Amino acid sequence: MAAQDALPDPATISVPDIAPSADPKVQKEGYKFFFFHNPAVSFAEAYADIAECRSFLVRDGVTTLPTFRPWVESVKRKPQGYSAGSYGLVGAAMASIIVPKLERGQRNNKLRRCMQPRGYARYAIAETDWDRLNDGDEATLVAMQAKLASGPKPATTEVGE
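Residues numbered from 1 in each chain as written. Predicted model: local features only at pLDDT ≥ 70, side-chain atom pairs only at ≥ 80, totals over all residues. Heavy atoms only, no water.

1. Some points on the packing of helix α2 (residues 43–54) against helix α3 (residues 88–115)
Then, number 1: Where α2 meets α3, the axes come as close as 9 Å, and the angle between the chain directions of the two elements is 140 degrees. On the basis of their axis angle, the class for α2 and α3 is oblique. Here α2 runs over α3; the crossing is right-handed. In this structure, α2 uses Asp-49, Ile-50, Cys-53 and Arg-54 to contact α3, whose residues at the interface are Arg-107, Leu-111, Cys-114 and Met-115.
Then, number 2: Residues belonging to the contact of α2 with α3 are distributed by class as follows: 5 nonpolar, no polar and 3 charged. (Axes fitted to C-alpha atoms, helices over the stretch in contact; angles between N-to-C directions. Helix = DSSP H or I, 4+ residues; strand = E, 2+ residues; numbered from the N terminus. Parallel < 35°, antiparallel > 145°, perpendicular 65-115°, else oblique. Left-handed = near helix turned anticlockwise from the far one by under 90°. Contact = heavy atoms within 4.5 Å. Nonpolar A, V, L, I, M, F, W, Y, C, P; charged D, E, K, R; others polar.)

2. Quick look at the state of the cysteines
Then, number 1: With the rule as written, the count across this model stands at 1 disulfide.
Then, number 2: Here Cys-53 pairs with Cys-114 through a disulfide, and the sulfurs are 1.9 Å apart. Taking the torsion about the S-S bond as the criterion, the Cys-53 to Cys-114 disulfide, at about -75 degrees, is left-handed. Pair noted here: Cys-53 is in helix α2 and Cys-114 is in helix α3, with a separation of 61 residues, a long-range link.
Then, number 3: You can call Cys-53 buried: its relative accessible area is 0%. (Disulfide = S-S within 2.5 Å. Buried < 20%, exposed > 50% of the residue type's maximum accessible area, 1.4 Å probe, protein only.)

3. Overview of the side chain of Asn-134
Then, number 1: Along the chain, Asn-134 falls in helix α4 (residues 127–134).
Then, number 2: Only 3.2 Å separates the side chain of Asn-134 from the side chain of Arg-54, close enough to count as a polar contact.
Then, number 3: Once you skip the residues sitting within four places of it in the chain, Asn-134 turns out to touch Arg-54, Arg-107, Leu-141 and Gln-145. (Polar contact = N/O pair within 3.5 Å; in protein donor to acceptor, adjacent residues only side chain to side chain.)

4. Here we look at the pairing of strand β1 (residues 34–37)
Then, number 1: Neither face of β1 is open: one carries Phe-34 and Phe-36, the other Phe-35 and His-37, and all of them are buried.
Then, number 2: Alignment of β1 against strand β4 (residues 121–124), held across 4 bridges, turns out to be antiparallel. Within β4, the position partnered with Phe-34 by the bridge is Ala-124. (Pairing = 2+ DSSP bridges.)

5. Some thoughts on the environment of Arg-112
Then, number 1: Note that Arg-112 resides in helix α3.
Then, number 2: With a relative accessible area of 22%, Arg-112 lands in the partly exposed category.
Then, number 3: Considered as a pair, Arg-112 and Tyr-31 are 81 residues apart in the sequence and their alpha carbons are 9.8 Å apart.
Then, number 4: Look past the residues within four positions of Arg-112 in its chain and what remains in contact with it is Phe-36, Pro-117, Arg-122 and Glu-161.

6. A look at the packing of aromatic side chains
Then, number 1: Scanning the entire structure with this criterion turns up 4 aromatic pairs.
Then, number 2: Where Phe-33 meets Trp-130, the ring centres are 5.6 Å apart and the plane angle is 70 degrees; that geometry is what we call edge-to-face. Remark: Trp-130 occurs in helix α4 and Phe-33 occurs in the loop between α1 (24–28) and β1; sequence separation between them is 97 residues.
Then, number 3: According to the relative accessible area criterion, Phe-33 is buried, its value standing at 3%.
Then, number 4: Taking relative accessible area as the criterion, Trp-130 reaches 8% and is therefore assigned buried.
Then, number 5: Aromatic side chains Phe-43 and Tyr-47 sit 5.9 Å apart centroid to centroid with 45 degrees between the ring planes, which places their arrangement in the tilted category. (Phe/Tyr/Trp six-rings, centres within 6.5 Å; stacked < 30°, edge-to-face > 60°.)

Below, the structure written as structure tokens:
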């Protein structure tokens, strides 16, 4: 493993407090705002799984094609941009409301389809904690999510389908 590929020390990674919330809205919106956990994986395994599954996501309006690749093949992908089109001021306003929700849904669907077959369950968290786990430097995000995924079992119920 090269020096830049070395795993971070889990003890140095700070994660949001994910104590179960008394707010029923948090559990109700668990399908939108969640993290993954698998009691049978090590930090290194969780880190590799999350890094691979996150590699399929859209970032900064750029998607990588193809969006599927077999787990055993290494593929170099070129970023492909997209245009929102020209629908005027009203269209731009509507898009600013709708597009982030669509992108979050696509993102969550890709992660769920990639992580659940590997044995990970989803656990609901508050939207602010979800934002902290999904906005920022990619290496930091993968490390935080891997620490949660391989850490102690959450004290809340799993998010159902």
